[in-house]
Every structure is written in C-alpha cells, then in structure tokens.
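# Understanding the architecture of this molecule
Residue strings, one per chain:
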Amino acid sequence: MNAATAVLGSGRLGAAVFLGGMVGALARYGLGVWVAPVAQIPVATLAANLLGSAVLGALAGAAERRARRGVAWAMLGVGFCGALTTFSTFALEAFELLDQQGPVVSILYAAASILAGLFLASVARRRSLAW
C-alpha cells in the first residue's frame, strides 16, 4: 500500500470524497449568496451547519444500521457534509458578533448553533436507525 492509497483509501473513495466535497462547497457558497444575514446574524453559516448536522446524523444512522461505511459515506458524509459545514467560519463569525453586538448575542449564536446541531444530528440519527 502506497502513501496515497493509505491516505485516500481506494481511488473510488477518493473520487467520492472529491465529488461530494465539490457539491458541498458549491452548496455552502450558494447558501452564502442566497441567505442574507438577519440583524447581522450569519444565518447562512447557521443554516449550513444545521443542515450538515442533520444530514450527517442521518448518514451515521444508516451506516450504523448497515454496519459499514462505504462510498456513499465517503461522498455524502466526508465530502458533502465536510465541505458544507464550516467550524472555522462559525468561530470567526461568533467572534465578529462579539465585537459588533457584544457577548450576549455572540454567546446566544454560538449556543444555538451547537445545541441545535447536536439536537438535529441526534434526531436524524435516531430516525435513520428506525427506517
């Protein structure tokens, strides 16, 4: 096994991650263009992260139910959700909210993002396991 194979798995898995990541990145960009901030709250980042949490939760449940993570997981879980969601943008925007609107708004945004993301991932995973 060479280094590239060790990092990417098979070429098929690497291609799946690439394709999913491309679609996820374009979806993230589209959300940023389509969804305007509301009262300076970065709604597009919140929407991307919550959508990604729900999709990844559902995928995790499906993978758990099938006891494997294959090409679909690589494409949708790693590629799409990995590119769609963005912790770095979330962190920067929470910090910017701190500067612009103070600690209450920043903390509420961060707490809502984290708690809602955990809730959606959990609910989607449980629903996926029940299918």
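Quick caveat, the model's predicted, so the values are computed rather than measured. (Residues numbered from 1 in each chain as written. Predicted model: local features only at pLDDT ≥ 70, side-chain atom pairs only at ≥ 80, totals over all residues. Heavy atoms only, no water.)

## What to know about the environment of Ala 39
Applied cut-off: What counts as a helix is a DSSP run of H or I of at least four residues, what counts as a strand is a run of E of at least two, and both are numbered from the N terminus.
Position of Ala 39 relative to the elements: it lies in the loop between helix H2 (11–34) and helix H3 (43–66). Counting along the chain gives 13 residues from Ala 39 to Gly 52, while the straight-line C-alpha distance between them is 23 Å.

## Examining the side chain of Ser 113
Quick reminder of the rule: A simple rule labels every residue: compare its accessible area, found with a 1.4 Å probe on the protein chains alone, to the largest value its type can have, and call it buried under 20%, exposed over 50%, or partly exposed in between. Polar contact is the term for a pair of N or O atoms within 3.5 Å; when the atoms are in protein, one must be able to donate a hydrogen and the other to accept it, and sequence-neighboring residues count only if both atoms are side-chain atoms. By definition in these notes, contact holds between two residues if any of their heavy atoms fall within 4.5 Å.
As for its placement among the helices and strands, Ser 113 is situated in helix H6 (residues 103–130). Looking at Ser 113, the relative accessible area reads 11%, which means it is buried. Here Tyr 109 takes part through its backbone oxygen, which lies 2.9 Å from a polar atom of the side chain of Ser 113. Residues in contact with Ser 113, not counting those within four places in the same chain, are Leu 46, Leu 50 and Phe 90.

## Some words on the pattern of salt bridges
Oppositely charged side chains can pair when the atoms bearing their charge come close. Keep this limit in mind: Salt bridge, as used here: a side-chain nitrogen of Lys or Arg that lies within 4 Å of a carboxyl oxygen of Asp or Glu.
Taken as a whole and assessed by the stated rule, the structure comprises one salt bridge. Residue Arg 125 is joined to Glu 64 by a salt bridge in which the shortest nitrogen-to-oxygen separation is 2.9 Å. With Arg 125 in helix H6 and Glu 64 in helix H3, this residue pair connects regions lying 61 residues apart in the sequence. Assessed through its relative accessible area of 29%, Arg 125 is described here as partly exposed.

## Quick look at the confidence of the model for the protein
Threshold: What pLDDT expresses is the predictor's confidence in each residue, scored from 0 to 100.
Of all residues in the protein, 93% attain a pLDDT of 70 or more, and the chain-wide mean is 91. Of all secondary-structure elements in the protein, the lowest mean pLDDT belongs to helix H1 (residues 3–8), at 54, while H6 reaches the highest, 96.

## Here's the deal with helix H5 (residues 87–101)
Quick note on the threshold: The span you would expect from a helix comes to 1.5 Å times its residue count less one. Directions pointing from the helix axis toward each C-beta atom define the arc.
Here H5 spans 20 Å end to end across 15 residues, near enough to the 21 Å set by a 1.5 Å rise per residue. The complete set of buried residues in H5 reads Phe 90, Glu 93, Ala 94 and Leu 97. Down the axis of H5, the buried set is contained in an arc of 105°. They therefore lie on one face. In this structure, H5 carries Ser 88 and Asp 99 as exposed residues pointing more than 90 degrees from its buried face. Here the buried face of H5 lies against H3 and H6. Remark: Gly 102 follows H5 within two positions and exhibits a positive phi of approximately 95°.

## As for the nonpolar core
The tendency in soluble globular proteins is for nonpolar side chains to be buried side by side. We count it as follows: We call a set of buried Ala, Val, Leu, Ile, Met, Phe, Trp, Tyr and Cys residues a nonpolar core when their side-chain atoms join them within 4.5 Å.
One finds Leu 31, Val 35, Ala 44, Ala 48, Leu 59, Ala 60, Ala 63, Trp 73, Phe 80, Cys 81 and Leu 84 forming the largest nonpolar core, which totals 11 residues. Mapped onto this core, the elements with two or more residues apiece are H3 and helix H4 (71–84). A per-element tally of this core places H3 first, with five residues. Discounting chain neighbours no more than four positions away, the residues touching Ala 60 are Arg 69 and Trp 73. Among the nonpolar cores identified, the runner-up in size contains five residues, and Phe 90, Ala 94, Leu 97 and Ala 110 belong to it.

## A look at the packing of H2 against H4
The description of two packed helices rests on the angle between their axes and on the distance between the axes. Filter applied, for reference: Axes here mean lines fitted to C-alpha atoms, for a helix over just the part in contact, with angles spanning 0 to 180 degrees between N-to-C directions. Should the near helix be turned anticlockwise from the far one by less than a right angle, the crossing is left-handed, and should it be turned clockwise, the crossing is right-handed. Residues are grouped as follows: nonpolar covers Ala, Val, Leu, Ile, Met, Phe, Trp, Tyr, Cys and Pro; charged covers Asp, Glu, Lys and Arg; every other residue, Gly included, is treated as polar.
Contact pair H2 / H4: the axes reach a minimum separation of 6 Å and the direction vectors enclose 30°. Considering the relative orientation of H2 and H4, their crossing is right-handed. Here the residues of the contact of H2 with H4 are counted per class, giving 15 nonpolar, four polar and two charged.

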